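This is what each chain is made of:
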Amino acid sequence: MKKIVLTLVAVMSLTMSFAADTKNNANAEQQAYNMTLNYERLSAALNLTPDQIDEVKDIHKNFCAEMMSAANASKADKQAMIDKAVEKDLKHMSYVLTGKQMQKYELILTNTLRNRGLMK
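As the structure is a computational prediction, the values presented were derived from the model and not from experiment. (Residues numbered from 1 in each chain as written. Predicted model: local features only at pLDDT ≥ 70, side-chain atom pairs only at ≥ 80, totals over all residues. Heavy atoms only, no water.)

A. The arrangement of the overall build of the protein in detail. Within the protein, the regular secondary structure consists of five helices and zero strands. From first element to last, N terminus to C terminus, the protein shows the α and β order α-α-α-α-α. Per-residue burial for the protein yields a buried fraction of 26% across its 120 residues. Excluding contacts between residues fewer than 6 apart, the proportion of contacts in the protein whose partners are at least 24 apart in sequence is 65%. Counting every atom, the protein has about 8600 Å² of accessible surface; 58% of that belongs to carbon and sulfur. (Helix = DSSP H or I, 4+ residues; strand = E, 2+ residues; numbered from the N terminus. Buried < 20%, exposed > 50% of the residue type's maximum accessible area, 1.4 Å probe, protein only. Contact = heavy atoms within 4.5 Å. Areas by Shrake-Rupley, 256 points an atom, 1.4 Å probe, with all protein chains shown as cover.)

B. How the structure looks around the nonpolar core. Judged by nonpolar contacts, the single largest core of 24 residues is most densely connected at Tyr33, Met67 and Leu97. Of all the secondary structure elements, the ones that give two or more residues to this core are helix 2 (39-46), helix 3 (50-71), helix 4 (75-96) and helix 5 (99-115). Of all the elements, helix 3 adds the most residues to this core, at seven residues. Aside from chain neighbours lying at most four places away, what touches Met67 is Tyr33, Met35, Ile82, Ala85, Leu113 and Leu118. (Core = buried A, V, L, I, M, F, W, Y, C linked by side-chain atoms within 4.5 Å.)

Remember that the coordinates give geometry; whether it matters functionally is a separate question.
What follows is the structure in C-alpha cells.
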C-alpha cells in the first residue's frame, strides 16, 4: 500500500511539473509577440519631432494589436499574419518618417523580430 501511494505521488508531481513547463513555454511564446516599446528611446534613436512621436505611437499601437492577434492565431496562419502586420507597419511608418529615419526603423524592427524568433 505504501509503494502505491509513493508511486502515485511521484507520478502526480511529474505531471504537475510537465504542466507548469508547458504553461511557461506558452507564456514565453506569447511574450515574443508583445511588441510594446519605449517611445523615448525610439524617439532618440530616430531623432523624431514631437508630431512624429504622436503619429508613430498611433501606428505602433495598431502594429502591437496585430502582432497579439498573430500570437493567438493557429500555427498555419501565424507567419502570414506577422508578415502582413510588418508590411502594414512599414507602409504607414514610411508616410511619417524621413528616408534616413525609415532606414533606422527598418533595422530596429528587423533586429527585434529576429531576436524574438519571429523572423527568419
